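Listed below are the residues making up each chain.
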Amino acid sequence: YVPCVEAVAELSDVFLATEPDGSRARSAVDIWSAARGRAKSAYICPSVRSAIVQAVSFWRPGDVIICCGSFGLAGAAKKALAKYGPYISQFTIEKL
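**Considerations on the side chain of Ser12**
In this structure, Ser12 sits in the loop between helix H1 (2-10) and strand S1 (14-17). Look at Ser12 and you get buried, because its relative accessible area is 14%.

Put into structure tokens, the structure is as follows:
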């Protein structure tokens, strides 16, 4: 996982490390440690939902939000994004 995290972090202005619920998840601290020093800024978020909220708050026109990880993380991210309702429509692929 480290080479993947490093590659994404090097392309990131902001890198948010988190982990889905479940004992098999890689720790957010481990992910953050791999990203630290490669991204312009790296943070640990206590939950997937808080990472999504932070990502959306950092987002500006022309930016891209990428969510990488397990199916568990992707499912939790999709659920968190759904709470934005119509607001999230500006983040559609057509707009990016």
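**Some points on a nonpolar patch on the surface**
A surface patch of nonpolar side chains, about 240 Å² in accessible area, is lined by Val14, Tyr43 and Phe58. Assignment of secondary structure puts Tyr43 in strand S2 (residues 41-44). For Tyr43, a relative accessible area of 37% corresponds to the partly exposed category.

**What to know about the confidence of the model for the protein**
Of the residues in the protein, 85% reach a pLDDT of 70 or more, and the chain-wide mean stands at 83. Low pLDDT, under 50, characterises residues 90-96; the stretch is placed with eight contacts to residues that sit more than four places away or in other chains.

Here is what the cut-offs are and how they apply
- Residues numbered from 1 in each chain as written.
- Predicted model: local features only at pLDDT ≥ 70, side-chain atom pairs only at ≥ 80, totals over all residues.
- Heavy atoms only, no water.
- Helix = DSSP H or I, 4+ residues; strand = E, 2+ residues; numbered from the N terminus.
- Buried < 20%, exposed > 50% of the residue type's maximum accessible area, 1.4 Å probe, protein only.
- Patch = residues over 30% accessible without salt bridge, like charges linked within 9 Å, V, L, I, M, F, W, Y side chains within 5 Å.
- Areas by Shrake-Rupley, 256 points an atom, 1.4 Å probe, with all protein chains shown as cover.
- Salt bridge = Lys/Arg side-chain N within 4 Å of Asp/Glu carboxyl O.
- pLDDT = per-residue confidence, 0-100.
- Contact = heavy atoms within 4.5 Å.

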